[in-house]
Amino acid sequence: MLRFWKTTMRLAAVTILITACQSHSYRLTGEAADFSDGDTLQIVDALSRKVIARPVVNDRHFAVNATTDTTLLCFVEGPDMTPGDVSFFLEPGNIYLEVKKTGGRSRVSGTLINNEWQHLLDQLAKQDTLIRRTAALLQNHDLSAKQRQTVFHKLQEQESYLRQLVKQTAERNKDNALGRFVEEHFQETPQNNLSE
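Remember, it's a predicted structure, so these values are computed and weren't measured experimentally.

Q: An account of the sheet that holds strand 5 (residues 72-77) is requested, with residue identities and associated values reported.
A: With antiparallel pairing, the four strands of this open sheet are ordered in space as 3-2-5-6. Pairing within the sheet leaves two strands with one partner each, and these edge strands are strand 3 (51-53) and strand 6 (86-90). Looking at each pair of strands side by side, their axes are set apart by 40° on average, direction ignored. Here strand 2 (residues 42-45) runs beside strand 3; their pairing, made up of two bridges, is antiparallel. Its bridge partner lying in strand 3, V44 is registered against V51. Relative to strand 6, helix 2 (residues 112-136) is tilted by about 150°, and along the sheet it contacts strand 5 and strand 6.

Q: Explain the packing of helix 3 (residues 145-172) against helix 4 (residues 177-185) to me, using residue names and the numbers behind them.
A: Relative orientation and spacing of two packed helices are given, respectively, by the angle between their axes and the distance between those axes. Direction vectors running N to C along helix 3 and helix 4 enclose 140°, while the axes themselves pass 7 Å from each other. Along this stretch, helix 3 crosses helix 4, giving a crossing that reads as left-handed. From helix 3, V166, T169 and A170 reach across to helix 4, where they touch L178, G179, V182 and E183.

Q: How would you summarise the nonpolar core if you had to cite specific residues and measurements?
A: If you look at the biggest cluster of nonpolar residues, it comprises 34 residues, and the most contacted ones within it are L28, V76, F88, L97, V99 and W117. Going through the elements one at a time, strand 1 (25-31), strand 4 (61-67), strand 5, strand 6, strand 7 (93-98), helix 2, helix 3 and helix 4 are the ones with two or more residues in this core. Residues I131, L138, V151 and L155 belong to the second largest nonpolar core, which totals six residues.

Q: With reference to specific residues and values, describe the environment of V182.
A: Within the secondary structure layout, V182 lies in helix 4. You can call V182 buried: its relative accessible area is 2%. C-alpha separation for the pair V182 and V166, spaced 16 residues apart in sequence, amounts to 7.2 Å. Excluding anything up to four places from it in sequence, V182 contacts L120, V166, T169 and A170.

Q: Residue-level account of the side chain of S106, with values.
A: Looking at where S106 falls in the secondary structure, it is placed in the loop between strand 7 and strand 8 (107-109). At 2.9 Å, the side chain of S106 and the backbone nitrogen of K100 are in polar contact. Not counting residues within four places of it along the chain, the set of residues in contact with S106 comprises V86, E98, V99, K100 and Q118.

Q: An account of unusual backbone geometry is needed here, citing residue identities and associated values.
A: Positive phi, close to 70°, is recorded for R49, a residue that is not glycine. By the secondary structure assignment, R49 is in the loop between strand 2 and strand 3. Although it is not a glycine, D59 sits at a positive phi angle of roughly 55°. Tracing the sequence through the fold places D59 in the loop between strand 3 and strand 4.

Q: Can you tell me about the sheet that holds strand 4, naming the residues and giving the values?
A: Strand order across the open sheet formed by four strands is 4-1-7-8, with mixed pairing between neighbours. One side of each edge strand has no neighbouring strand; the edge strands of this open sheet are strand 4 and strand 8. Put simply, the sheet's adjacent strands are angled 15° from each other on average, direction ignored. Of the pairings in the sheet, the one linking strand 1 to strand 4 comprises seven bridges and is antiparallel in character. Bridge pairing in strand 4 links R27 to N65. Its contacts with the sheet put helix 2 on strand 7 and strand 8, and the angle it makes with strand 8 is roughly 145°.

Q: Describe the confidence of the model for the protein chain, with residues and values.
A: Of all residues in the protein chain, 83% have pLDDT values of 70 or greater, and the mean over the chain is 81. Below a pLDDT of 50 lies the segment residues 1-22, which in the model reaches zero contacts outside its immediate sequence neighbourhood of four places, other chains included. Confidence drops under a pLDDT of 50 for residues 189-196, and excluding neighbours within four residues, the segment shows 10 contacts in the predicted structure.

Definitions and cut-offs
- Residues numbered from 1 in each chain as written.
- Predicted model: local features only at pLDDT ≥ 70, side-chain atom pairs only at ≥ 80, totals over all residues.
- Heavy atoms only, no water.
- Pairing = 2+ DSSP bridges.
- Helix = DSSP H or I, 4+ residues; strand = E, 2+ residues; numbered from the N terminus.
- Axes fitted to C-alpha atoms, helices over the stretch in contact; angles between N-to-C directions.
- Contact = heavy atoms within 4.5 Å.
- Left-handed = near helix turned anticlockwise from the far one by under 90°.
- Core = buried A, V, L, I, M, F, W, Y, C linked by side-chain atoms within 4.5 Å.
- Buried < 20%, exposed > 50% of the residue type's maximum accessible area, 1.4 Å probe, protein only.
- Polar contact = N/O pair within 3.5 Å; in protein donor to acceptor, adjacent residues only side chain to side chain.
- pLDDT = per-residue confidence, 0-100.

Structure follows, in structure tokens:
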């Protein structure tokens, strides 16, 4: 009976050790269709600018297997890429990236935080396009004062909706690194009095 107990305890200890080690591991895989075999990408901590990994593109794909004890906002950098254009949160779990060169649309998925990050980025890009289109209407010098006021009002509504998207993301993620990041770095823009 004592031997059974010792064996059981050893197995439990090994299981806890393996689980503890796995809880910090991440697997970052990605598609790099715009890149050539042998191109080197860099995974860079967005705040410290420290290079975390240098995966090499092979058959238009790349992979990094490692561990992390924290969640970091990171950039992917490489040939013909605009610095800071491709971002994701490095954290334990499976992360998938579609990396495009400048002008392409990169995406991230896999973990809860990265899915939420991509959703926020998609919503912000969509809202930014709407705001730019609305603002472009102001270039029309034939607008009456009333029409101009209507455009200003529409811009205010769109900017308010944009702020609401950021606030909702921060609230939904208040207990994780994304929520903290959004709270810290997405400062609410001051309300412009566009009617003046």
